[in-house]
Amino acid sequence: MILTQTVPTPVGPLALLARDGVLVAAGFTAEPQEMFARLSPSLRALPLREGDLGDAAEAVREYLAGRIDALDRIPVEQPGTPTRQRLYEALRAVPAGTTVSYAQLAEKAGLPRTAARAAGSACAQNLIAPFVPCHRVLPSTGGYGSYYYGTPVKEWLVAHESRA
């Protein structure tokens, strides 16, 4: 079974989806079914039920209250190649309140700087925002770049973390 809970945030509802206490999806939407549809076929075969996600929901509330490292303690799991998994691990290692470029993210994952496009692809396919914090990756040319949930959400997340 996939349990879902939606937590209010200043930039809109954050839907959380977990299986056996491990977060498998999270995104800024009021419709958990939107996140559910992005899961692997094996997870989509499981029933989706509303429930209390306990520590994951509490971590979001703590994050919003200014404890910007609170999301780090929540276990996550999403599909991907070994390279993609290294990029997700490198993303989770980017400290809250800091940002990196796509080339820097590639290097942190043990790839050459020229793998910036692979880093961007991993961010675009990330199913567990903001727990896997792709919002902390910015283009080296400046600005915020794109974000699956919209640039205003990415701007807010980066600003919130830099204020805390």
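Going by what an unreviewed UniProt entry lists, the protein chain is known as Methylated-DNA--[protein]-cysteine S-methyltransferase and is assigned to Microbispora hainanensis.

Moving on, we get to unusual backbone geometry. Of note, the amide linkage connecting Ala129 to Pro130 takes the cis form, showing an omega dihedral of -5°. Along the chain, Pro130 falls in the loop between helix H6 (116-125) and strand E6 (137-138). In this model, Asp20 sits at a positive phi of 50°, which is unusual for a non-glycine residue. Take Asp20: it is sitting in the loop between strand E2 (14-19) and strand E3 (22-27). Owing to a relative accessible area of 70%, Asp20 belongs among the exposed residues under this scheme.

Attention now moves to the pattern of salt bridges. Within the structure shown, the criterion is met by 8 salt bridges. Through salt bridges that share partners, Asp55, Glu62, Arg67, Asp69 and Arg73 make up one connected network.

Within E2, 5 of the 6 residues are buried, leaving the element largely enclosed by the surrounding structure. Pairing geometry for strand E1 (residues 2-7) and E2, over 5 bridges, is antiparallel. Along E2, the bridge assignment pairs Gln5 with Leu16. Here E1 folds back onto E2 in antiparallel fashion, the turn holding 6 residues, of which Gly12 has a positive phi close to 115°. Where E2 lies against E3, 5 bridges are found, and the strand directions are antiparallel. Within E3, the residue paired with Ala18 across the bridge is Leu23.

Cut-off values and rules
Residues numbered from 1 in each chain as written. Predicted model: local features only at pLDDT ≥ 70, side-chain atom pairs only at ≥ 80, totals over all residues. Heavy atoms only, no water. Helix = DSSP H or I, 4+ residues; strand = E, 2+ residues; numbered from the N terminus. Buried < 20%, exposed > 50% of the residue type's maximum accessible area, 1.4 Å probe, protein only. Salt bridge = Lys/Arg side-chain N within 4 Å of Asp/Glu carboxyl O. Pairing = 2+ DSSP bridges.

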